[in-house]
Amino acid sequence: MWTATLPFPSPISVKCETHKRLNLSLRASFSYYPLASRIFVRNLSYSTEESSLQKEFANFGQIAEVKLVKDVFTKRSKGYAFIQYTSQDDAMFALENMDEQVFDGRLIHVEIAKPRKDRGCPKTSGPPSTKQYSQETDDVADCWY
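Because the structure is a prediction, the values reported are computed rather than measured.

Draft legend 1. Representation of the overall build of the protein chain in the model. A tally of helices and strands in the protein chain yields three helices and seven strands. From first element to last, N terminus to C terminus, the protein chain shows the α and β order β-β-α-β-α-β-β-α-β-β. Contacts spanning at least 24 positions in sequence make up 59% of the contacts within the protein chain whose residues lie at least 6 apart.

Draft legend 2. The pattern of salt bridges, seen in detail. Counting across every chain of the model gives two salt bridges. The residue Arg 38 makes a salt bridge to Glu 65 at a minimum N-O spacing of 3.8 Å. One end of the pair, Arg 38, is in strand β3 (residues 38-42); the other, Glu 65, is in strand β4 (residues 63-70), with 27 residues separating them in the sequence.

Draft legend 3. Summary view of the packing of aromatic side chains. For the coordinates displayed, the defined rule picks out five aromatic pairs. Ring centres 5.5 Å apart and planes at 75 degrees place the aromatic pair Phe 60 and Phe 93 in the edge-to-face group. Of this pair, Phe 60 sits in the loop between α2 (50-57) and β4 while Phe 93 sits in helix α3 (residues 88-98); the two residues are 33 residues apart in sequence, bridging distant segments of the chain. For Phe 93, a relative accessible area of 41% translates into the label partly exposed. Judged by centre distance (6.2 Å) and plane angle (85 degrees), the ring pair of Tyr 80 and Phe 82 falls under edge-to-face.

Draft legend 4. Up close: the sheet that holds β3. Overall, antiparallel pairing links the five strands, which are arranged β4-β5-β3-β7-β6 in an open sheet. Two strands lie at the open edges of the sheet, namely β4 and β6 (101-103), each paired on one side alone. Neighbour to neighbour, the strand axes of the sheet diverge by 30 degrees on average, direction disregarded. When β4 meets strand β5 (residues 77-85), the two strands line up antiparallel, connected through six bridges. Paired with Leu 68 across the strands is Ala 81, a residue of β5. Of the strands in this sheet, β3, β4, β5, β6 and β7 (106-112) are in contact with α2, which crosses β4 at around 140 degrees.

Draft legend 5. Broad picture of the nonpolar core. Counting 19 residues, the largest nonpolar core has Ile 39, Phe 57 and Tyr 85 as its most contacted members. Where this core is concerned, the elements lending two or more residues are β3, α2, β4, β5, α3 and β7. The element contributing the most residues to this core is α3, with four residues.

Draft legend 6. Seen up close, the environment of Ala 91. One can find Ala 91 in helix α3. Spatially, the C-alpha atoms of Ala 91 and Glu 111 are 9.5 Å apart, while their sequence positions differ by 20 residues. Those residues in contact with Ala 91 that lie beyond four places of it in its chain are Ala 36, Ser 37, Ile 39 and Tyr 85.

Draft legend 7. Expanded view of the pairing of β7. Bridge analysis of β3 against β7 gives four bridges, and the strand direction is antiparallel. Its bridge partner being in β7, Arg 42 is matched across the sheet by His 109. The hairpin formed by β6 and β7 contains two residues between the paired strands, and Asp 104 there has a positive phi angle of roughly 55 degrees.

Cut-offs and rules
- Throughout, a residue's number is its position along its own chain's written sequence, starting from 1.
- Note on the predicted model: pLDDT of at least 70 is required for a residue's local features to be given, and 80 or more for side-chain atom pairs to be given and counted; whole-chain, interface and lining totals, by contrast, use all residues.
- To get the side-chain values, all heavy atoms of the structure are used, and hydrogens and water are removed first.
- The way it works is that DSSP assigns letters per residue, a run of H or I at least four long becomes a helix, a run of E at least two long becomes a strand, and they are numbered from the N terminus.
- Contacts between residues were defined by any pair of non-hydrogen atoms, one from each residue, lying within 4.5 Å.
- Whenever a carboxyl oxygen of Asp or Glu lies within 4 Å of a side-chain nitrogen of Lys or Arg, that contact is scored as a salt bridge.
- In this analysis, rings of Phe, Tyr and Trp, with Trp reduced to its six-membered ring, are considered paired at centre separations within 6.5 Å, and the interplanar angle assigns stacked below 30 degrees, edge-to-face beyond 60, and tilted for intermediate values.
- Exposure is judged per residue with a 1.4 Å probe applied to protein chains only, and the accessible area is read against the type maximum: over 50% gives exposed, under 20% gives buried, and values in between give partly exposed.
- Here, any two strands with at least 2 DSSP bridges between them count as paired.
- Only the stretch in contact is used when a helix axis is fitted, and all axes are lines through C-alpha atoms; the angle between N-to-C directions ranges over 0 to 180 degrees.
- Only buried residues count toward a nonpolar core. Its members are Ala, Val, Leu, Ile, Met, Phe, Trp, Tyr and Cys residues joined through side-chain atoms within 4.5 Å.

Following this line, the structure appears as structure tokens:
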């Protein structure tokens with residue numbers, strides 16, 4: 001068994017114009033919990049619901065969020081889910097015990113969730129910029145032989 005510890009981010013402090021200190025806590029799934037506390041469960045039955053995942057995976061620790069991915073139009077499960085635990089150790093415990101186990105009549109696979117890759121439109125739009133060449137390219141260069 002291997003474990004790794006990641007530090008929790010500290011609350012952000014902001015100084016106002018009136019020189020009073022404000023403490024703002026940002027609570028986002030990826031930043032508030034360690035990255036390795038989110039697991040990916042695949043090969044789920046299409047009839048699996050979030051409540052059954054919550055019930056089964058709560059045996060391994062406190063769950064912060066269960067996200068069963070569904071089709072936008074049919075609202076049917078796509079067969080995979082993300083489960084966010086409050087601690088990394090609970091996620092590793094669930095991974096070790098539930099990987100390659102039968103759940104709702106299917107052999108499921110559990111992995112540590114990887115960060116989402118940047119998707120969508122490129123940062124700039126329009127035609128690519130043309131490279132500007134200097135006038136020196138027409139001149140003959142001195143060569144030393």
